[in-house]
Amino acid sequence: MSAWRDFWLRYRRKTSAMIGLVLLLFVMLVAIIGPWLVSADPWDIVVRPFLWPGEDPEFPLGSDVLGRDILSGIVHGSRVSLLIGLAATATALGVGVTVGAVAGYFRGWPDDILMRITELFQTIPTFLLAVVLVAIFKPSMLSIILVISAVSWPAVARLVRAEFLSLREREFVQSCVVIGMSETRIIFQQILPNCLAPIIVMSSILVASAILTESGLSFLGLGDPNLMSWGTMIGIGREAMRTAWYMSALPGIAIIITVLALNLVGEGLNDALNPRLKNR
Amino acid sequence: MSSILEVRGLTTQFSGPKGYVTVVENVSFAMKPGATLAIVGESGSGKSVTAMSLLRVLPEPPARIAAGKVLLSGKDLLQLGEQAMRRVRGRDISMIFQEPMTSLNPVMTIGGQIVEAIREHRELSADEARAEAVALLDRVRIPDAGHRIDDYPHRLSGGMRQRVMIAMALAGRPKILIADEPTTALDVTVQAQILALLARLQSEFGMGILLITHNLGVVAQIAQRVLVMYAGRIVEEAPVRDLFQDPLHPYTEGLLGATPRMYQDAEAGARHRLIDIAGIVPQPDQLPPGCAFAPRCPKAFARCREERPALLPTRDGRQSACFLTQNTAASA
Amino acid sequence: MQGATQGAGRNRIVRFLVRRSAQAGLTLLAIAVLNFVIVHLAPGDAIDVLAGEFGGADAQYLDKLRRSYGLDQPIYVQLFQYLFNVVQLNLGFSFRNNMPVFDLIMTRLPATLLLMVASMLLSFTAGLLLGVFSARRVNTFADDAVSVLALLCYATPLFWFGLMAIVLFTVKLNLLPGNGMYTIGSNLGWFAATLDVARHLVLPACSLALFHMAVYTRLMRASMLEVYGLDYIRTARAKGLSQRRIAFRHVLPNAILPMVTMLGLQVGSLLGGAVLVETVFGWPGLGRLAFDAILQRDHNLLIGILLLGSALVVIANLITDLLYAWLDPRIEVA
């Protein structure tokens, strides 16, 4: 319990980390309860098109080229972004941790093979690969989540592998080996909990970059056609950019706030979880 | 003989989470031209910080020199601006460090690093400076200096790198060389070579050496006077011969391993010249109220734990910060 | 003697290049296999995947594809056939563009290379300067301001930045062109034409550089601060060198090494960014070609771009390694 308190006290010390946390909680709140508060479905045409923000108090952020409520789009988009970001990160963590743990713990040929594969994935231009995969497998929420996790697991694998390589040489692991503890138990109960800190830090960065990737895909028209996402909105607004730039600007600001919040939280976590580096 | 360097009441602090912590407190000493003064103590005793305070090469912040004077030929270095201080570094006072493996810039040739030091302090053309660098490498006995000058540091052994460091330190013809644990990281045979080299260069260049070390063997070889530091303060000062024959402070006795009471077990009966005192140097922010050495001192009594003994003259121009020696001095 | 060592050095570099090129070739072959797997994992017949829905009806195109992939053959024969084609730089035919994929890519490559090199130089230089600036003023207001700027660049989608730049600099201020690579229909001399391209390059290059400028800034700042704490910087200070000389002669050349490593890693992500930026700015390069291929469901072309893009990354990594070895004397190319 006091470990949590210590952690919180260290985290709280940094203003930027607290700003990030507040922003993130706000975005999460919008994503969770927002869709019930805004009346309109984001795809419904509810008002005249090209309504500028502030013109009509009923639609504070205005309407798009067809007269759809931008506020509703942004609120629903937050749900899509966070959901895809979290699901893709969770999948990438699952794959990356497994691969990294196996490679780092067993070393030898499993390590060689798995690391060749990770290197391969790191050579292929990530976003381009994501574009090709989504285009071939048809855009849907599921395919986007799988594709984003497919391009982000190698970073996790490398991190976990490095941690495992150093941790497995420590005395506490060696003594587990000596007393004959099973390898699965050593990996999951002894080593993994000890490399949780860098994994947690990386997770918040992964969610942020997953959100950026998703927005890029949907901007190119490779988003789930049934979901209103921020990238889709920017893509729609682009058609009217010269006259009504707010249509693209507003969802972009939503992306910036969310990604910024995640990065700030990630930095804060890093500082709070690695106290020896805090003076950097 | 007048002093070339005189330090008075030097106090250096580091900022910590709970405000400033004093790491070096009220250190005073004087150096004669061409002589060798040693500062000994365990790691954490503040001897390296003292040395770096003189040249003001500690990172500020977190460090700050809170009080004192460092008088070089009567001029207070602590009052100089950064610009003027730069002309002191490398020209009046040079410094070499413990880790020759990491003290040289890995992406610059050794010649480049020496030439840089030469041209910083002397008006020489690039060619002249290079010739001078070769000459300096010769003087520190680096074989084939003309070719070696274009090598990068990673090509050299630890001993060779320390020679390069010394050559670089000599580039500005300094009056004082501060040698901070110059042989600690080196093999025993190489240690002896470096010490011999320092001793010879000292007589050739007529410079004073301030030797920082934890190794009394090194002190015995080249120093004339010794300061013993403990927990940021000087606890004893004496000529080297007197210190070895008749240490006054119990900490010095411990350093020398000379106190029979400390060696009651048989295997430690021999005269060690090792640090062999129970416990460790206290953290600077956790000093006991009385004498900082009292918790480890076999001779400590009640007063030692309540009151801090001052550094006072005893006899023969020696000083000690211990109630015991002061009492005997007073009664004698 | 001197000549002999130099000759030996050259031999070493040649051997290094040969070995690394062989590795690179293997990597590319593996990526080609991966491409093959992707195509065959996709739902439906591989021909549907490659032809997409758009051109699927054309019998001539399907025949061409069937022949080049040997789809009536067992799968391993297909794989070897595909790899054999790839080795011969035969990446298939783009029906939509009526051109072999490889030739098509080569016509678009120069525009993308120009954009990528420009934004690499921009992000590297700007990141270097900002990082040095920040590190020399660590924990001051200026340092904080740079950190905030970098964090914002980190979080900004580059296509959004591109759109906003067009709104501001093209639509509102009418300062810079926001579409294409040169003014269409103009007949300019070589100098004016170069200037014209340069003007068209400004906004896309800046948009593409934004993210990595932030990466380099943070990396350079951290790297400088780390080097500042090292022993040889204390040595430099003890020699009496000026702060400026220490920063630029001692800290910078060491701190720049991780930046160089990043250069190689940047290329892959730049190619991805190029898809977005070229789409926003109508820049006639590979990225724009990829976007068109998405719209036209020309998957064969998309996969060709992916393969060539990976080849670019492999080459960039090779160049980076050589550059690193040249900058860091501790790396003996062996």
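Details of the structure are given in the entry above.
Residues numbered from 1 in each chain as written. Chains lettered and ligands numbered in written order. Predicted model: local features only at pLDDT ≥ 70, side-chain atom pairs only at ≥ 80, totals over all residues. Heavy atoms only, no water.

Colleague: How should the overall build of chain A be read in this particular structure?
Modeller: Counting its secondary structure elements, chain A contains eleven helices and zero strands. Taken from N to C terminus, the helices and strands of chain A fall in the order α-α-α-α-α-α-α-α-α-α-α. The C-alpha extent of chain A, read off along each of the three principal axes, is 75 × 45 × 30 Å. For chain A, the residues scored as buried account for 52% of the 280 residues in total. Considering only contacts within chain A whose residues lie at least 6 apart along the sequence, 72% involve residues at least 24 apart. Split by element, the accessible area of chain A, about 12800 Å² in all, is 65% carbon and sulfur. Separation of charge centres in chain A, based on 21 positive and 20 negative side chains, amounts to 10 Å. (Helix = DSSP H or I, 4+ residues; strand = E, 2+ residues; numbered from the N terminus. Buried < 20%, exposed > 50% of the residue type's maximum accessible area, 1.4 Å probe, protein only. Contact = heavy atoms within 4.5 Å. Areas by Shrake-Rupley, 256 points an atom, 1.4 Å probe, with all protein chains shown as cover. Lys, Arg positive; Asp, Glu negative; His and termini not counted. Charge placed at Lys NZ, Arg CZ, Asp CG, Glu CD.)

Colleague: I keep staring at the arrangement of the chains and nothing clicks. Help me out?
Modeller: Looking across the two pairs of chains in contact, one finds the most contacts between chains A and C. Where chain A comes nearest to chain B, the C-alpha atoms are still 11 Å apart, and the two do not contact one another.

Colleague: Hey, could you run me through the side chain of S143(A) in this one?
Modeller: Residue and element names in this part refer to chain A. With respect to the element layout, S143 can be found in helix α6 (residues 141-167). By relative accessible area, S143 is classed as buried at 9%. Residues within four places of S143 in sequence aside, it is in contact with F137 and K138.

Colleague: How do you make sense of the interface of chain C and chain A when you look at a structure like this?
Modeller: Note on interface size: it is often stated as the accessible area lost on association of the parts. Contacts between the two partners involve 45 residues from chain C and, on the opposite side, 38 residues from chain A. Summed over the three residues of chain C that lose the most area to chain A, namely F159(C), W160(C) and L306(C), the buried surface amounts to 14% of that side. Counting across the chain C and chain A interface gives one salt bridge. In this structure, R218(C) and E267(A) form a salt bridge, with 2.5 Å as the shortest nitrogen-oxygen distance. Counting across the interface, chain C meets chain A through five residue pairs in polar contact (both at pLDDT 80 or more). Of all the elements in the fold, those that place two or more residues in the side of chain C that touches chain A are α1 (2-41), α6 (141-155), α7 (158-172), α8 (190-228), α10 (243-281), α11 (286-295) and α12 (299-327) of chain C. Classifying every residue of the side of chain C that touches chain A by side-chain character gives 32 nonpolar, nine polar and four charged. (Buried area = accessible area lost by both parts, 1.4 Å probe. Salt bridge = Lys/Arg side-chain N within 4 Å of Asp/Glu carboxyl O. Polar contact = N/O pair within 3.5 Å; in protein donor to acceptor, adjacent residues only side chain to side chain. Nonpolar A, V, L, I, M, F, W, Y, C, P; charged D, E, K, R; others polar.)

Colleague: Would you mind showing me how to read the sheet that holds strand β5 (residues 75-76) of chain B here?
Modeller: By definition, the strands of a sheet pair up through backbone hydrogen bonds, in either a parallel or an antiparallel sense. All names here are of chain B. Across the sheet, four strands lie side by side as β2-β1-β4-β5; this open sheet has antiparallel pairing. On the outer flanks of this sheet lie β2 (19-31) and β5, each paired with one strand and no other. Relative to strand β4 (residues 63-72), strand β1 (residues 5-16) runs antiparallel, the two being bridged by eight bridges. Of the residues in β4, the one forming a bridge with F14 is A63. (Pairing = 2+ DSSP bridges.)

Colleague: What is the right way to read unusual backbone geometry from this model?
Modeller: Trans is the common state for peptide bonds, and a negative phi is the common state for residues other than glycine. Residues and elements named next belong to chain B. Not every positive phi belongs to a glycine, and N26 is a case in point at roughly 55 degrees. The residue N26 is located in strand β2 in this model. With relative accessibility at 53%, the residue N26 sits in the exposed group. Even without glycine at this site, R173 takes up a positive phi of about 50 degrees. Structurally, R173 is set in the loop between α6 (158-170) and β7 (176-180). Using a relative accessible area of 47% as the deciding quantity, one classes R173 as partly exposed.

Colleague: Can you help me understand helix α4 (residues 126-139) of chain B in this one?
Modeller: Note on helix geometry: an α-helix contains 3.6 residues per turn, so any two residues three or four positions apart are oriented the same way. Residues and elements named next belong to chain B. End to end, α4 covers 20 Å across 14 residues, agreeing with the expected 20 Å (1.5 Å per residue, within 8%). Among all positions in α4, only A129, E132, A133, L136 and L137 are buried. The buried residues of α4 occupy an angular sector of 140 degrees when projected down its axis, which confines them to one face. Positive backbone phi, at 65 degrees, marks R141, one or two positions downstream of α4. (Expected span 1.5 Å × (residues − 1). Arc of directions from axis to C-beta.)

Colleague: It is not clear to me how the state of the cysteines should be interpreted in this structure. Could you clarify?
Modeller: Disulfides are covalent bonds that connect the sulfur atoms of two cysteines. This model, assessed by the stated rule, comprises zero disulfides over all chains. Counting only cysteine sulfurs, C176(A) is the nearest neighbor of C195(A), a cysteine outside any disulfide, at a range of 14 Å. Looking at C206(C), it has no disulfide partner, and the nearest cysteine sulfur is the one in C153(C), 11 Å off. (Disulfide = S-S within 2.5 Å.)

Colleague: Even after reading the chapter, I still don't get the packing of aromatic side chains, so can you show me in this structure?
Modeller: What describes a pair of aromatic rings is the distance from one ring centre to the other and the angle between the planes of the rings. One pass over the structure, following the stated rule, counts 13 aromatic pairs over all chains. Ring geometry for W4(A) and F7(A): centres 6.3 Å apart, planes at 90 degrees, overall edge-to-face. On the criterion of helical spacing, the pair formed by W4(A) and F7(A) is a turn pair, its members being three residues apart in helix α1 (residues 2-12). In this structure W4(A) comes out as exposed when scored by relative accessible area, which is 60%. Looking at F7(A), the relative accessible area reads 17%, which means it is buried. Taking 5.1 Å as the distance between ring centres and 80 degrees as the angle between the ring planes, the aromatic pair formed by Y230(B) and F293(B) counts as edge-to-face. You can see Y230(B) sitting in strand β9 (residues 225-230) and its partner F293(B) sitting in the loop between α10 (250-256) and α11 (302-306), a full 63 residues away along the chain. (Phe/Tyr/Trp six-rings, centres within 6.5 Å; stacked < 30°, edge-to-face > 60°.)

Nothing here speaks to function; it is all geometry.
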